[in-house]
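Report on the structure
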Amino acid sequence: MFLVPLKEHQVDQKLRFRNWVGFPARSPIPPEGARAMGVSATGSGKTITTATCALEYFPGGRILVMVPTLDLIVQSAQSWRRVGHRAPMVAVCSVDKDEVLEQLEVRTTTNPIQLALWAGSGPVVVFATYASLVDREDPADVSGRGTVPGPLESALAGGERLYGQRMAPFDLAILDEGHMTAGDMGRPWAAIHDNSRIPVDFRLYLTATPRILAAPRPQRGRDGREVVVASMEDDSSTYGTRIFDLGLAEAVERSILAGFEIDVLEIRDPDPILGLSEDALRGRRMALLQAALLEHAAQQNLHTTMVFHQRVEEAEAFAGQMPRTAAELYTAEASAAALAGAEELPASSIDAELYELEEGRHVPADRVWADWLCGDHPIAHRRAVIHRFANGIDAHNRRVHRAFLSSVRAL
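Attention in this report is confined to the structure presented alongside it. (Residues numbered from 1 in each chain as written. Predicted model: local features only at pLDDT ≥ 70, side-chain atom pairs only at ≥ 80, totals over all residues. Heavy atoms only, no water.)

**Describing the packing of helix α1 (residues 8–21) against helix α2 (residues 46–57)**
Rules: For helices, the fitted line uses only the C-alpha atoms of the stretch in contact; every axis is such a line through C-alpha atoms, and the angle between N-to-C directions lies from 0 to 180 degrees. Working definition: helices are DSSP H or I runs of at least four residues, strands are E runs of at least two. Numbering for both runs from the N terminus. Here roughly perpendicular refers to angles of 65 to 115 degrees, roughly parallel to angles under 35, roughly antiparallel to angles over 145, and oblique to all remaining angles. Crossing handedness: left-handed means the near helix sits turned counterclockwise from the far one by under a right angle, and right-handed means the same turn made clockwise. The contact criterion used is simple: two residues touch if any of their non-hydrogen atoms lie within 4.5 Å. Residues are grouped as follows: Ala, Val, Leu, Ile, Met, Phe, Trp, Tyr, Cys and Pro are nonpolar; Asp, Glu, Lys and Arg are charged; all remaining types, including Gly, are polar.
Look at α1 against α2: their axes get within 10 Å of each other, and the N-to-C directions meet at 45°. Regarding the angle of α1 to α2, the classification is oblique. Between α1 and α2 lies a crossing of right-handed hand. Residues Q10, Q13, K14, F17, R18 and V21 of α1 form the contact with α2, whose participating residues are I48, T49, T52, C53, E56 and Y57. Residues that form the contact of α1 with α2 fall into these classes: five nonpolar, four polar and three charged.

Structure (structure tokens):
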């Protein structure tokens, strides 16, 4: 019984998945495992589709789901439970006592012995980040390398270090954001391609943006050996053939995804000041960016805006200074009539409606929310911030009119 109805394009993708695995009679599986790619635009429901396929075509199977981030582990586990998976679930990650994972009955560990005990045999869904494939430092390693394989690979290998425990191979692996595994086959994440290290019968690489790489001439790594590159062209020996392909343009044309536009803001400093320090110039530039963004949000009536940065301190500063910039713009540019009308508005609350200022376009500072996220924030904090952003409320559960989320290496 499927708890999530599939849309037309998802039904088509599910049938293509069935043709690939040869259900109900499995075709002979090559030593390197059967491999395929599923290309589908971001937001088109790849997670729900593959979770449904696994439930129907691998009932009672051993399933591995690889994702790049801790947040995606939680989101994927939620989706797989929603679809109807009732098998035991284990997450190979460092999250401890996460409220959502506990509600979903997903146990977490980075200990290969514990992983082998919990997921050693029988039906199971194992979620893991690609970081779980990176070797761990171990000064006591008897091989003399000083490192041991990551927990996922160690649990599958077994041996004396695991006191006789060993995790059985997987029937199916769903490799989300599969383009992140492309490139140098010497990288730690490339271990997922090696069936001798991560034994899987069927690998499905999911992506919205396949990476097709071609070196103009052979490249050599630091050890002098020629670099072997994994590329996602069709019929690749690493990624297999594409079993479905839904591009962004087609998804918009078929109304699977909403249409969108790209707005480019050109910002010029009308009164540049010579002799300013680098920090002062950076602060002036940020203030100009904030003013331009607030002006654009007012003109286009934008309620939620995401801002991406390259440096943590810039993301934090951008969010911290945004309310002050909004207050200055509101006071300077709102008309007298708009200011008078704003004074008659009810106090902000979670039940308050969004409103417009007739001529001033800008809104009072108490109706502007801004926060920031980086990759080092705990998962519970990320969840809370994204909840406020998505629902247009501040930390006190009061309704805001404009929400800005700046991020760096997080989304």
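**A short note on the sheet that holds strand β3 (residues 89–92)**
Put simply, the rule is: Here, any two strands with at least 2 DSSP bridges between them count as paired.
Spatially, eight strands are ordered β4-β3-β5-β2-β8-β10-β1-β12 in an open sheet, and the strand pairing comes out parallel. What marks the edges here is a single partner per strand, and that holds for β4 (106–109) and β12 (241–246). Adjacent strand axes in the sheet meet at a mean angle of 20° when their direction is disregarded. Sheet analysis places strand β1 (residues 34–40) next to strand β10 (residues 200–207), joined by six bridges and oriented parallel. Within β10, the residue paired with V39 across the bridge is T207. Sitting on the sheet, α1 touches β1, β8 (170–175), β10 and β12, and the angle it makes with β12 is about 175°. Relative to the sheet, α2 contacts β1, β2 (62–67), β8 and β10, its axis offset from that of β10 by approximately 160°.

**A word on the sheet that holds strand β15 (residues 402–408)**
On the basis of which strands lie adjacent, the open sheet formed by three strands has the order β13-β15-β14 and parallel pairing. At either margin of the open sheet sits one strand with a lone partner, and together these are β13 (304–308) and β14 (368–374). For this sheet, the mean inter-axis angle between neighbouring strands, taken without regard to orientation, is 20°. When β14 meets β15, the two strands line up parallel, connected through seven bridges. Paired with V368 across the two strands is R402, which belongs to β15. Across the sheet, helix α8 (residues 278–300) lies against β13 and β15, angled at about 135° from β15, the strand it touches most. Along the sheet, helix α11 (residues 379–391) makes contact with β13, β14 and β15, crossing β14 at roughly 150°.

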